[in-house]
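Chains, contacts and geometry: an overview
Now for the letters of each chain:
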Amino acid sequence: MKKVFASMALLFAMCSGASAQTPGLPPAGNEKARQEFADSKFGIFIHFGFYSMFAQGEWYLSYGNVDCHEYAKAASGFYPSKFDADAWAEAIKASGARYVCFTTRHHDGFSMFDTEYSDYDIVDASPYKKDIVREMAEACKRHGIKFHLYYSLIDWTRDDYPGGWSAKNAGKDAKKADFDSYFHFMKNQITELIRKYDPDALWFDGKWDQPSSFDWRLDELYALIHSLKPSCLIGNNHHGSPLPGEDFQLFERDLPGENTAGYSAGQEIGQLPLETCQTMNGSWGYSVKDQNYKTGNALIQYLVRTAGKGANLLLNVGPQANGEIPEAATARMKAIGEWLNTYGETIYGTTAGDIPEHSWGVTTRRGDKLYVHILDLEDQALFIPLAGKKVKKAISFKDKSPVRFTKTKTGVTLELPQVPDETDYVVELTTD
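Source: prediction; values computed, not measured.

Points about the overall build of the protein
A count of helical and extended segments in the protein gives 10 helices and 16 strands. A globule of 432 residues ought to have a C-alpha radius of gyration of about 22 Å, and the protein, at 23 Å, matches this closely. By its C-alpha atoms, the protein is 75 × 45 × 40 Å across when sized along the principal axes. Relative to its full complement of 432 residues, the protein shows a buried share of 56%. Across the protein, the fraction of contacts at a sequence separation of at least 24, relative to all contacts at a separation of at least 6, is 72%. Just so you have it, the protein exposes about 17,800 Å², and 51% of that area is on carbon and sulfur atoms.

What follows is the structure, given as C-alpha cells:
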C-alpha cells in the first residue's frame, strides 16, 4: 500500500507556496514562458486513459450510468501494448505542433502516472506497470516538444470528492465527502507532477462541476504551483473570464469571442495568451462509434482562423486502448505538418492581424509583414481595409510572385491572378 500522507518536506513546500505569490499578479520569471507559449500557436491534446478500453469516449463512467466500483475493476485489463512514446513524439513533431498536453488524470480519477498518493494508477492498478507520463516527458524532451499536463479537479471515483452534477449516479458514498481531504490529495499529486515530470504548463478542468459559490481554493493551488516552478504556466478550462494566478485563457470548442458550442457565454477575453481546444472528430477520448473526422483542409483552416484571433490551437487526439494513435488522426496530423512546412512563417510567432475575421478569411502579423489568409473567396479581387497603413509590397507567399494592388484612402484592393482555390491562399503585404 502506498503512503497516504505527504512527507514533512512536501507539507513545507505546500505551506510556503500558499504565500509565495500575491494573488492576481503573475510570478516573476514566467514572462518568457508566456511569450514562448503565445508564439507556439499549435499544440496536440492527448486524451488517453483506461476509459479508452471501453471505446466510448472519456465520459463513459458518467454517460453510461456505470457504478464507479465496477468501472474501476476494468483497470486490471488495461494494457496498452503498442504504446511508444517516441513514435507519438515523432508524429507530434511531424504535425508541426510545438507542445503537447497529456491527460495525467481525467474525471474517472485514474492516474496515468506512478503516484505515491493512490493505488488507482497505471503502475499499481493495471498489468502494464509502466509510467506513461514519465515516458512521454522524456520523449518530448528528446524531440524538443514542450510538455503540458492536464489534471482534472473532479473525481467520479473518490468518495472524499463532494459529488457534483457530472456523475451523480456513479455509486459514490456521499457521506464520506470531505473537500479538505480531497484538496490535500490534489495538492500532493500536483506537487508530485511538478517535481517528477517538470511540466511547462498545467491545464485544469472541472470547475464547472460545482455551483459558482463553491470554493475550490484555486488561489492556494496556483500559488503552490508558482512557488514550486515559477515558469510553469497555469490554464483552467472553467468556461469563464481569467482568474487571478492564471497564465493563459482557455476556450473549449470555440474561437475566442465565439460561443457556438455553448461553453463561452459571457466569457470576456482578457490580456493573457489565448488557447482554443478542439477535437478532430466529436470525441476527446477514443470512441469506436465516432469516425466523423474533420478533413485535413478543415483543420488547417481552423488553425489559421485561430491564429487570426491571436490564439493557439490545441488539437485533440484520442489514442486507442492498445496505445496506437488512430490512422485517421495521424493522417490529419501529417497533412497539417506538411502545410506548416510551407506556411509556418505566417502562423508561428504571429499576432492577430490588423483586419478582424471576415467571411473570406483572417490576417496575421509578424513585424512589418501582414499575412492575408484567403480561405473562402469567389472573386479575383479582394479589398483590404487598411486605413492608416502604407502597403509597400504585395506578393503571393507560396511562390513569391508579385500581386498587383490598388491603393485607396481606406485600404488596398488586391488583384489576384485567379480565384483562389487553395486551402489557404496567402498574400504577404509589407507595410510601414
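Description of the confidence of the model for the protein
One rule of thumb: low pLDDT means the predicted coordinates there are not for detailed reading. Across the protein, pLDDT averages 93, with 93% of residues at or above 70. This stretch, residues 1-24, has a pLDDT under 50; its non-local contacts, to residues over four places away or in other chains, come to 47 contacts.

Some remarks on the sheet that holds strand 6 (residues 249-252)
Strands pair in a sheet through their backbones, by hydrogen bonds, and they do so in one of two ways: parallel or antiparallel. If you trace the 8 strands from one edge of the open sheet to the other, you get 5-4-3-2-1-8-7-6, paired in parallel fashion. Of all strands in the sheet, those bounded by a partner on one side alone are strand 5 (233-237) and strand 6. Adjacent strand axes in the sheet meet at a mean angle of 25°, parallel and antiparallel pairs treated alike. Bridge count between strand 6 and strand 7 (residues 274-279): 4 bridges; the pairing is parallel. When the sheet's bridge partners are listed, Phe251 is paired in strand 7 with Thr276. Packed onto the sheet, helix 7 (residues 179-197) meets strand 2 (99-105), strand 3 (146-152) and strand 4 (201-205) and runs at close to 170° relative to strand 3.

Some words on the sheet that holds strand 10 (residues 361-366)
Across the sheet, which stays open at both edges, the 5 strands sit in the order 9-10-11-16-13 with antiparallel pairing between neighbours. Single-partner strands in this sheet number two, and they are strand 9 (351-352) and strand 13 (391-396). Strand direction decides the pairing type here: strand 11 (residues 369-374) and strand 16 (residues 425-431), joined by 6 bridges, are antiparallel. Residue pairing in the sheet places Ile374 in a bridge with Tyr425 of strand 16.

What counts and what doesn't
- Residues numbered from 1 in each chain as written.
- Predicted model: local features only at pLDDT ≥ 70, side-chain atom pairs only at ≥ 80, totals over all residues.
- Heavy atoms only, no water.
- Helix = DSSP H or I, 4+ residues; strand = E, 2+ residues; numbered from the N terminus.
- Rg over C-alpha atoms; globule rule 2.2 N^0.38 Å.
- Buried < 20%, exposed > 50% of the residue type's maximum accessible area, 1.4 Å probe, protein only.
- Contact = heavy atoms within 4.5 Å.
- Areas by Shrake-Rupley, 256 points an atom, 1.4 Å probe, with all protein chains shown as cover.
- pLDDT = per-residue confidence, 0-100.
- Pairing = 2+ DSSP bridges.
- Axes fitted to C-alpha atoms, helices over the stretch in contact; angles between N-to-C directions.

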